[in-house]
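# A look at the structure
Chain residues, written in single-letter form:
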Amino acid sequence: MKNILVTGANGQLGSCFRKHRKKYSNLSFDFKSSRELDISNFAEVDRLFSSQSYDFCINAAAYTNVEEAESEKEKAFQINAEAPGKLAEVCAAKQVKMIHFSTDYVFDGSKTEPYLETDEVNPINIYGASKLAGERQITEVIDEHLIFRTSWLYSEFGHNFFCTILKKAAEKASLNITTTQLGTPTNANDLAKYVLDGIQKDSSATGIYHFSNLGQASWYDFAEEILNYSGKIDQVVLNKTGFFKTLAQRPEYSVLSKEKAIQEFGEIRDWRNSLRDLIDEVV
């Protein structure tokens, strides 16, 4: 039996780990919400690891508001960089493998083909910079780590693009969605299962890997697919826009190459197939 700590357990990704835990009978989970374990409170982290024994620490706690990060730089870096760095120190001391999540926003979007793990990083917003700092703090202090960079994460849990589009459809809203940013929508349920499958298979992999669903889309494509497949396309006015003003600059292209992950951990689903399965499940 492998003992797994999951931090940020009530967030979007943490909720997906909780949802799928019963499928892994040989794994034992200790889910800690941000209220139960504030990973930026180093004394709390030390006390927990002194009282419990873990084989893995899945850090699903994060500051994820890209817009607010522009005005809350200190908070974003505290949660996304300093806290994971401390968590990594404790994991290293206790011989616990750390699994952490980063973002496609560590890249500036200047490429026109999928980003490799080895490509130059150059974040163009505070959120991306804070996540990159977290990557670096972790890799500096613990060898036994896995960092999954992901993109455009959505699920039935929390606040995300998928839930927002469905909510706007119920309100019969008019939507202006950008066509100029290209990336890949990623079902957080797929990411959670991918990580747990890797643990169950006793993968010895370490380092940085990219995980998003396969294919690419604009935010407009993503919205259109949600509305079409859910049968709600006639409930909204969906408009294309080339430029959507935001506080935080976004990379125009942030598709991630998954070849390294597929070779190590196995196949990944196309984003449309994954989205449609979730719609069938929850709508």
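What this report covers is the structure whose coordinates are included nearby. Note that the coordinates shown come from a computational prediction; the quantities given were computed from them, not determined experimentally.

Here we take up the side chain of K97. Note that K97 resides in strand β4 (residues 97–103). Within the buried set, K97 has no salt-bridge partner at all; the shortest N-O distance to an opposite charge, 4.2 Å, is to E144. Within the local environment of K97, its side chain forms a polar contact with the backbone oxygen of A205, the two atoms lying 2.6 Å apart. In this view, K97 contacts D55, F56, C57, E144, H145, L146, S203, S204, A205 and T206; residues no more than four positions away in its chain are not counted.

The next subject is helix α4 (residues 73–94). Its 22 residues give α4 an end-to-end C-alpha distance of 31 Å, which sits within 8% of 32 Å, the value for a rise of 1.5 Å per residue. At I79, α4 is deflected by roughly 30°, the largest bend along its length. If you check which residues of α4 are buried, you get A76, I79, N80, A81, A83, P84, G85, K86, L87, A88, V90 and C91. Within two residues after α4, Q95 carries a phi angle of roughly 60°, on the positive side.

What follows covers the packing of aromatic side chains. Under the counting rule described, the total for this entry stands at 18 aromatic pairs. Ring centres of W219 and F222 lie 6.2 Å apart, and the angle between their planes is 35°; on these two criteria the pair is classed as tilted. Note that W219 and F222 are positioned in helix α8 (residues 219–230) at a spacing of 3 residues, about one turn of the helix. Residue class for F222 comes out buried when judged on its relative accessible area of 0%. Among the aromatic residues, those joined into a cluster by ring pairs are F17, F101, F148, Y194, Y209, F211 and F265.

Given a rise of 1.5 Å per residue, 12 residues ought to cover 16 Å, and the 17 Å separating the end C-alpha atoms of helix α10 (residues 271–282) matches this to within 8%. Taken as a whole, α10 has its buried residues at W271, S274, L275, L278 and I279. Projected onto a plane normal to the axis of α10, the buried residues spread over an arc of 135° and lie on a single side. The inward-facing, buried residues of α10 abut β6 (153–154), α6 (161–170), β9 (186–187), α7 (188–200), β11 (217–218) and α8. Near the N-terminus of α10, the side chain that reaches the backbone nitrogen of R272, with its oxygen 2.9 Å away, is that of D270.

Tracing the chain through its elements places S203 in the loop between α7 and β10 (207–210). From its side chain, S203 meets the backbone nitrogen of A205 in a polar contact 3.2 Å long. Residues contacting S203, with those up to four places away along its chain left out, are K97, G198, E264 and F265.

A few words now on the sheet that holds strand β3 (residues 56–59). Taken together, 6 strands build an open sheet; the order of strands is β2-β1-β3-β4-β5-β10 and the sheet is parallel. Of all the strands in the sheet, just β2 (27–32) and β10 have a single pairing partner and so form its edges. With strand direction ignored, the average angle separating the axes of adjacent strands in the sheet is 20°. Taken strand by strand, helix α1 (residues 12–20) contacts β1 (2–7), β2, β3 and β4, and its axis lies near 145° from that of β2.

Right, let's get into the state of the cysteines. Overall, the coordinates contain 0 disulfides when judged by the stated rule. No disulfide involves C57; its sulfur sits 4.2 Å from the nearest other cysteine sulfur, which is in C91. Residue classification places C57 among the buried positions, given a relative accessible area of 0%. With no disulfide partner, C163 has as its closest neighbouring cysteine sulfur the one in C16, 10 Å distant.

Moving on to the pairing of β2. Both β1 and β2 contribute to a ladder of 6 bridges, which runs parallel. When the sheet's bridge partners are listed, V6 is paired in β2 with F31. Assessed by its sense of winding, the connection that carries the chain from β1 through α1 to β2 is right-handed.

Helices that pack against each other are described as a pair by the angle of their axes relative to one another and the distance between those axes. Interaxial distance between α4 and helix α5 (residues 126–141) falls to 8 Å at its minimum, and their mutual angle equals 15°. Between α4 and α5, the angle falls in the class roughly parallel. Where α4 crosses over α5, the two elements pack in a sense that is right-handed. Residues K73, A76, F77, N80, A81, E82, P84, G85, A88, E89 and A92 of α4 lie in contact with α5, whose contacting residues are I126, Y127, A129, S130, K131, A133, G134, Q137, I138 and V141.

All right, on to the pattern of salt bridges then. Applying the stated criterion across every chain yields a total of 14 salt bridges. The closest approach of N and O atoms between K19 and E156, which form a salt bridge, is 2.7 Å. Linking K19 in helix α1 with E156 in the loop between β6 and α6, this pair joins segments that are 137 residues apart in sequence. Across the salt bridge formed by E225 and R276, the nearest N and O atoms sit 2.7 Å from each other. In this pair, E225 is assigned in helix α8 and R276 in helix α10, connecting sequence segments 51 residues apart. Judged by its relative accessible area of 10%, E225 is buried. In the salt-bridge network here, residues are joined through shared partners; they are K19, E156 and E281.

Calculation criteria
Residues numbered from 1 in each chain as written. Predicted model: local features only at pLDDT ≥ 70, side-chain atom pairs only at ≥ 80, totals over all residues. Heavy atoms only, no water. Helix = DSSP H or I, 4+ residues; strand = E, 2+ residues; numbered from the N terminus. Buried < 20%, exposed > 50% of the residue type's maximum accessible area, 1.4 Å probe, protein only. Lys, Arg positive; Asp, Glu negative; His and termini not counted. Salt bridge = Lys/Arg side-chain N within 4 Å of Asp/Glu carboxyl O. Polar contact = N/O pair within 3.5 Å; in protein donor to acceptor, adjacent residues only side chain to side chain. Contact = heavy atoms within 4.5 Å. Expected span 1.5 Å × (residues − 1). Bend = angle between axes of the 7 residues up to and from the residue. Phe/Tyr/Trp six-rings, centres within 6.5 Å; stacked < 30°, edge-to-face > 60°. Arc of directions from axis to C-beta. Pairing = 2+ DSSP bridges. Axes fitted to C-alpha atoms, helices over the stretch in contact; angles between N-to-C directions. Disulfide = S-S within 2.5 Å. Right-handed = clockwise from strand over helix to strand, strands pointing away. Parallel < 35°, antiparallel > 145°, perpendicular 65-115°, else oblique. Left-handed = near helix turned anticlockwise from the far one by under 90°.

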